[in-house]
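Listed here are the chains, written in short residue letters.
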Amino acid sequence: MADLLSSRALRRGLPWVLIVLLALLLPAVLPPFRLNLLGRFLSLGIVALGVDLIWGFTGMLSLGQGIFFALGGYALGMYLSLNSLEPGQLPEFFSLYGVQSLPAFWQPFASPLFTLLALWVIPALVAGVLGYLVFRNRIKGVYFSILTQAALLVFFNFFNGQQKLINGTNGLKTDTARIFGALVGSDAMQRNLFWLTVVLAVGAFLLCRWLTSGRFGDALIAIRDDEPRMRFTGYNPTAYKTLVFAVAGALAGISGALYTVQSGIVSPQFMAVPFSIEMVIWVAVGGRGTLIGALLGAVLINYAKSLVSEALPETWLFIQGGLFLLVVTALPDGLVGWWRSGGPGHIQAMVGWPPLAATYPELDLDPAVQAEKAELEGGAR
């Protein structure tokens, strides 16, 4: 039993050991461009945590998280656009369309305090309002997914057409802006943004961990597994679902803001349908309902995408589709779930050879191993 517990503890703790080591070592060995990419992908891990929170734990598959991701990016992008100007000046694109004065909704973003609140409060409010309108009508399942994607298309088309107000399809550039007197796109600032992303990603993970533990976490899982029964026992699933959807929206806004300053631009492409679908793939491949799998899935898949696209630009979509098919058919719990269930031993249980109980005795409590042992013992008698 002690060996079993130690092996399980090792399987659960090893990913964290690797993450800490990589976080400490990579900034020292990676060139600035690669470190910037890692910072971007880690920021995407924050929105993936939100997707895991609402999908993995609550059972709501949202295909519209790009809305909240983009809102956070635009909030910070507007602040940086104003912060780099002399008093009385307007962002350059306004002059192209004959706009003579700063629109009213831009003006609060001149305040850094307002912006720090807006980049997560605005996405949370939009998500909360949208969620409440949907959940009070008991819309769920595939209808919820379709509705969130429809909302995504509405926001995408709206932002895409606002040339005079937010530069439409061109978006807002941030790499040439200044913050704290330093150029946002400089190597030194990007290194600082990487560390900020690490801190916020850890904070987001701990927040999600706290939310999914205790009674609140039990309520989310109850909604996922049997919502009518939870409603019958006197609980109101609408309140829980609205709250958790708003939290996921806030996480997406923070993620979008961090990604904006590390990618150098925010544009309506953040609301493109394929991007929101990719978020779901990151969580599915990493491990739905594990939280750490969402982070790892976002970082590993996007890094693989970057490397493959550099060498073979035409092949990544096929590889991404193949990964999703592999997870759906062979690894429904994702990479982290596969690792926690025994890694190679789990594959042996699926294939049936060599005998799993003899090869991996430390997995004695795994249901597949128990069944195999019972069959072997029955044959021996």
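A brief look at the structure comes next. (Residues numbered from 1 in each chain as written. Predicted model: local features only at pLDDT ≥ 70, side-chain atom pairs only at ≥ 80, totals over all residues. Heavy atoms only, no water.)

Bringing the overall build of the protein chain into the picture now. If you tally the helices and strands in the protein chain, you get 17 helices and 4 strands. A burial count over the protein chain gives 46% of its 381 residues as buried. Taking the intrachain contacts of the protein chain between residues at least 6 apart in sequence as the baseline, contacts between residues at least 24 apart amount to 76%. (Helix = DSSP H or I, 4+ residues; strand = E, 2+ residues; numbered from the N terminus. Buried < 20%, exposed > 50% of the residue type's maximum accessible area, 1.4 Å probe, protein only. Contact = heavy atoms within 4.5 Å.)

Before going further, it helps to examine the layout of surface pockets. When its volume is computed, the second largest pocket comes out at roughly 520 Å³. Considering the residues around the second largest pocket, the lining is formed by 21 residues, among which L76, L116, I179, L193 and L196 are closest to the centre. At the level of secondary structure, the elements contributing two or more residues to the lining of the second largest pocket comprise α3 (66-83), α5 (112-135), α8 (187-211) and α10 (237-263). Here the residues of the lining of the second largest pocket sort into 18 nonpolar, 3 polar and no charged. (1 Å grid on protein atoms, 1.4 Å probe; cavity = no way out; pocket = protein on both sides within 12 Å on 5 of 7 lines; lining within 4 Å. Points joined across faces, edges and corners; volume = space filled by probe spheres on them. Nonpolar A, V, L, I, M, F, W, Y, C, P; charged D, E, K, R; others polar.)

Right, let's talk about the packing of aromatic side chains for a bit. Taken as a whole and assessed by the stated rule, the structure comprises 18 aromatic pairs. A centroid spacing of 5.7 Å and a plane angle of 75 degrees characterise the contact between F158 and F159, whose relative ring orientation is edge-to-face. The exposure class assigned to F158 is partly exposed, which follows from its relative accessible area of 48%. Relative to F270, the ring of Y259 lies with its centre 5.6 Å away and its plane at 70 degrees, an arrangement referred to as edge-to-face. With a gap of 11 residues between them, Y259 in helix α10 and F270 in the loop between β4 (265-266) and α11 (273-286) connect regions that are remote in the sequence. For F270, a relative accessible area of 8% gives the class buried. Each member of the aromatic cluster is reached from another via a ring pair, and the members are F69, Y259, F270, F275 and W282. (Phe/Tyr/Trp six-rings, centres within 6.5 Å; stacked < 30°, edge-to-face > 60°.)

Looking at where Q162 falls in the secondary structure, it is placed in the loop between α6 (142-160) and α7 (163-166). Residues in contact with Q162, not counting those within four places in the same chain, are N167 and G168.

Together, V17, V20, L21, L24, L25 and W195 make up an exposed nonpolar region whose accessible area comes to about 560 Å². For the nonpolar patch, the element with the highest residue contribution is helix α1 (residues 2-29), accounting for 5 residues. When you line up the elements, L24 lands in helix α1. The exposure class assigned to L24 is exposed, which follows from its relative accessible area of 57%. (Patch = residues over 30% accessible without salt bridge, like charges linked within 9 Å, V, L, I, M, F, W, Y side chains within 5 Å. Areas by Shrake-Rupley, 256 points an atom, 1.4 Å probe, with all protein chains shown as cover. Salt bridge = Lys/Arg side-chain N within 4 Å of Asp/Glu carboxyl O.)

Between its first and last C-alpha atoms α3 spans 25 Å; for 18 residues at 1.5 Å apiece the expected length is 26 Å, and the two agree. Within α3, 17 of the 18 residues are buried, which leaves the element mostly enclosed by the surrounding structure. (Expected span 1.5 Å × (residues − 1).)

Counted under the stated rule, the structure contains 6 salt bridges. R34 is the salt-bridge partner of E310, the closest N and O atoms lying 3.0 Å from each other. Of this pair, E310 sits in helix α12 (residues 292-311) while R34 sits in helix α2 (residues 32-57); the two residues are 276 residues apart in sequence, bridging distant segments of the chain. Connected via shared salt-bridge partners are E227, R231 and K241.

This part takes up the nonpolar core. Ranked by size, the top nonpolar core spans 92 residues in total, and within it L49, F69, W106 and W282 carry the most contacts. In terms of residue count, the dominant contributor to this core is α2 (15 residues). Each residue touching W282, except ones within four places of it in the same chain, is listed here: L44, V47, A48, F275, G293, G297, A298, I301 and N302. (Core = buried A, V, L, I, M, F, W, Y, C linked by side-chain atoms within 4.5 Å.)

Locating T238 in the fold gives a position in helix α10. In this structure T238 touches Y132, F135, R136 and R231, once residues within four positions along its chain are discounted.

Relative to the elements of secondary structure, N167 occurs in the loop between α7 and β1 (172-173). A sequence separation of 73 residues divides N167 from F94, and the C-alpha atoms of the two residues are 7.9 Å apart. In this structure, N167 is in contact with F93, Y97, Q162 and L172, ignoring residues within four places of it in sequence. Engagement of the side chain of N167 in a polar contact is seen with the backbone oxygen of G171, the distance being 2.9 Å. (Polar contact = N/O pair within 3.5 Å; in protein donor to acceptor, adjacent residues only side chain to side chain.)

Further remarks concern unusual backbone geometry. Even without a glycine there, the phi angle at N167 is positive, about 70 degrees. Since its relative accessible area comes to 10%, N167 is described here as buried.

Where α3 contacts α5, the axes come no closer than 9 Å and their chain directions differ by 160 degrees. By the angle between their axes, α3 is roughly antiparallel relative to α5. You can see that α3 and α5 cross each other, and the crossing is right-handed. Residues F68, L71, G72, A75, L76 and Y79 of α3 lie in contact with α5, whose contacting residues are P112, T115, A118, L119, I122, P123, V126, A127 and L130. (Axes fitted to C-alpha atoms, helices over the stretch in contact; angles between N-to-C directions. Parallel < 35°, antiparallel > 145°, perpendicular 65-115°, else oblique. Left-handed = near helix turned anticlockwise from the far one by under 90°.)

Over its 27 residues, α10 extends 38 Å from the first C-alpha to the last, a length consistent with the 39 Å expected when each residue adds 1.5 Å. Following α10 by one or two positions, G264 has its phi on the positive side, about 90 degrees.

So yeah, pure geometry; function would need other evidence.
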